[in-house]
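Tertiary structure, described
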Amino acid sequence: MKTHKRSSAVLAALAAAALFGASTPLAKQFVGDMSALLLAGLLYLGSGVGLLALRVLRDHGWHSPGLARREWPWLLGAIGCGGVVGPTLLMLGLASTSAAAASLLLNLEGVLTALLAWFVFKENANRRVVLGMALIVAGGLLLSWPGPAVGTSHGGAGAALIVGACLCWALDNNLTRQVSNSDALFIAGLKGIVAAVVNIGLALALGQSLPPWRVVGPVLLIGFVGYGISLALFVLALRGLGAARTGAYFGAAPFVGAGIAIGVFGESTSPLFWGAGLLMAAGLWLHLTERHEHPHWHGTLQHSHPHFPDIHHRHDHS
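This structure is a prediction, so every number in the text was calculated from the model and none was measured.

**Topic: the side chain of Ser23**
Here Ser23 lies in helix α1 (residues 2-28). Setting aside anything within four residues of it in sequence, one finds Ser23 in contact with Ile222, Gly226 and Tyr227.

**Some remarks on the packing of aromatic side chains**
Under the counting rule described, the total for this entry stands at six aromatic pairs. The interplanar angle of 50° and the centroid separation of 5.6 Å between the aromatic rings of Phe20 and Tyr227 together place this pair among those described as tilted. Placement of the pair is Phe20 in helix α1 and Tyr227 in helix α9 (residues 213-249), with a sequence separation of 207 residues. Look at Phe20 and you get buried, because its relative accessible area is 8%. You can call Tyr227 buried: its relative accessible area is 5%. A ring pair is formed by Trp72 and Phe186, whose centres lie 6.2 Å apart and whose planes are at 90°; its orientation type is edge-to-face. Linking Trp72 in helix α3 (residues 72-94) with Phe186 in helix α8 (residues 184-205), this pair joins segments that are 114 residues apart in sequence. Among the residues examined, Phe186 registers a relative accessible area of 6% and is labelled buried. Three or more aromatic residues joined by ring pairs make a cluster, and in this case those are Phe20, Tyr44, Trp169 and Tyr227. Across the ring face of Trp62, the terminal group of Arg55 is positioned such that the distance to the ring centre comes to 4.7 Å.

**Some words on the side chain of Asn173**
Looking at the secondary structure, you find Asn173 in helix α7 (residues 155-177). Dropping the residues within four chain positions of it, Asn173 is found in contact with Glu109, Thr113, Phe234, Leu238 and Ala243.

**Considering unusual backbone geometry**
With a phi angle near 55°, His60 is a residue other than glycine that sits in the positive phi range. The topology assignment puts His60 in the loop between α2 (36-59) and α3. For His60, a relative accessible area of 75% puts it in the exposed group.

What counts and how
Residues numbered from 1 in each chain as written. Predicted model: local features only at pLDDT ≥ 70, side-chain atom pairs only at ≥ 80, totals over all residues. Heavy atoms only, no water. Helix = DSSP H or I, 4+ residues; strand = E, 2+ residues; numbered from the N terminus. Contact = heavy atoms within 4.5 Å. Phe/Tyr/Trp six-rings, centres within 6.5 Å; stacked < 30°, edge-to-face > 60°. Buried < 20%, exposed > 50% of the residue type's maximum accessible area, 1.4 Å probe, protein only. Lys NZ or Arg CZ within 6 Å of the ring centre and 35° of its normal.

Here it is as structure tokens:
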């Protein structure tokens, strides 16, 4: 049973990675049509509205999420870091960085997630995972080097903004881990709605206007699938794997994004790009082949949400 639950969590993490990875080069195509704030807001609007609508359909109406009072600060902190600041930094970074290089740089999110999980939230680590992290960081340093490795003359600044986004999402991942036993659709949907209101509100206050529907529609769809569904699956994975290992499996996302940017949109690359990619791929392989088999025990879980069938709740309760 434990093996089955872990396998389900791994599949959820990899599916989340594939969906989010695809969203980066797709969102890059709309960077010139609107500001970074507005683009981030519309992506999260698609995520939030779509997920909360799914929740209403699943539950046959609106039900209280039942979060305990002590859980709300964790969730609000996660929303601020990952739903407001993180996506804005990413969109600003995409404006001066190729989608392929930006996708690979997003590997640093897993590294930073694991570091916070180990040193702040006291999750366990081993040498294999640490070596994988070191290889990913080395690849990130290559991509951050100013010059052709990142596709533009301003690559260093763009890379720094994307690393900042990764740090925000790392904080988000660890904070969300504290409430991951609650309803995944509610957590991800609320994060999307709040992030959308803040980012779109700021954009409109600064005098920006909404683009035509032919642009808004695809962006909302990318947000729903690449941010919303991906985030809900990520929360499910957190339950079974913890923040550090979920972040490690999520490291597959950048390679999906880079593949789409190069194969579909024909972005150019450089030797430094491929060198960084090899280092990061080696680090990801060490993570994916790591075995988490040390003996441990889990305290009693208190579920604070109604039991409707999802991946986590297809089991009997004594």
